[in-house]
Amino acid sequence: QVQLVESGGGLVQPGGSLRLSCTAEGTNFWNKRMAWYRQAPGTGKQRDLVASITRDSITNVEDFVKGRFTIWRDNPKNTVYLHMSSLKPEDTAVYYCNAQINRDSVFWSWGQGTQVTVSA
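To start, this report covers the structure provided alongside it. (Residues numbered from 1 in each chain as written. Predicted model: local features only at pLDDT ≥ 70, side-chain atom pairs only at ≥ 80, totals over all residues. Heavy atoms only, no water.)

Take the pattern of salt bridges next. Per the counting criterion, the structure on display carries four salt bridges. For Arg-38, the salt bridge identified is with Asp-91, shortest N-O distance 2.9 Å. You can see Arg-38 sitting in strand β4 (residues 34-39) and its partner Asp-91 sitting in the loop between β8 (79-84) and β9 (93-102), a full 53 residues away along the chain. The same class applies to Arg-38 and to Asp-91, which are both buried. Across the pair Arg-68 and Asp-91 runs a salt bridge, and its minimum N-O distance is 2.7 Å. (Salt bridge = Lys/Arg side-chain N within 4 Å of Asp/Glu carboxyl O. Helix = DSSP H or I, 4+ residues; strand = E, 2+ residues; numbered from the N terminus. Buried < 20%, exposed > 50% of the residue type's maximum accessible area, 1.4 Å probe, protein only.)

So, in structure tokens, the structure goes:
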């Protein structure tokens, strides 16, 4: 069974940066399109797609974070990263990764996520 382990979140001031990591344990994800999603806590909203990366490292970043967030992957480590800069309070959320079937569907059960809080 695949286990997704996200890390790297924390409390950061507006304008600051963080780097998130997500490791897929129990699988080799080299042939999967990987993505980061986020869910604003306490809202009950579904997870919003943030960025994705193909097996060939072609990336797509959603407009609301374009120019601020970067996604990349390390296949031998089964790890995908998200570097976030110029953080804004509205980036506050729990961030998750998963392998995409399509934009709104994923392969695996969700991990615990990593909390990112942007606040002065």
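Here the narrative resumes, following the displayed structure.
Counting buried residues in β8 gives five out of six residues, a clear majority hidden from the surface. When strand β3 (residues 18-25) meets β8, the two strands line up antiparallel, connected through six bridges. Bridge assignment links Thr-23 to a residue of β8, and that residue is Thr-79. (Pairing = 2+ DSSP bridges.)

Counting 28 residues, the largest nonpolar core has Trp-36, Phe-69, Leu-82, Met-84 and Tyr-95 as its most contacted members. Secondary structure elements with two or more residues in this core: β3, β4, β5 (48-53), β7 (69-74), β8, β9 and β11 (114-118). Each residue touching Phe-69, except ones within four places of it in the same chain, is listed here: Arg-38, Val-50, Val-61, Leu-82, His-83, Met-84, Ser-85, Leu-87, Asp-91 and Tyr-95. (Core = buried A, V, L, I, M, F, W, Y, C linked by side-chain atoms within 4.5 Å. Contact = heavy atoms within 4.5 Å.)

Below, the discussion takes up the state of the cysteines. According to the stated counting rule, one finds one disulfide in the structure shown. Paired through a disulfide, Cys-22 and Cys-97 show a sulfur-sulfur distance of 1.6 Å. Highlighted residues: Cys-22 in strand β3 and Cys-97 in strand β9, separated in sequence by 75 residues. Here Cys-22 falls in the buried class, since its relative accessible area comes to 1%. Exposure remark for Cys-97: the relative accessible area of 0% places this residue in the buried category. (Disulfide = S-S within 2.5 Å.)

This paragraph deals with the pairing of β4. Of all the six residues making up β4, five are buried; the element is thus mostly covered by neighbouring parts of the structure. Pairing analysis gives five bridges linking β4 to β5, with the strands arranged antiparallel. Each residue of the ladder has a partner; that of Met-34, found in β5, is Ile-53. Examined bridge by bridge, β4 and β9 share six bridges and lie antiparallel to one another. Across the sheet, the residue bridging to Trp-36 is Cys-97, located in β9.

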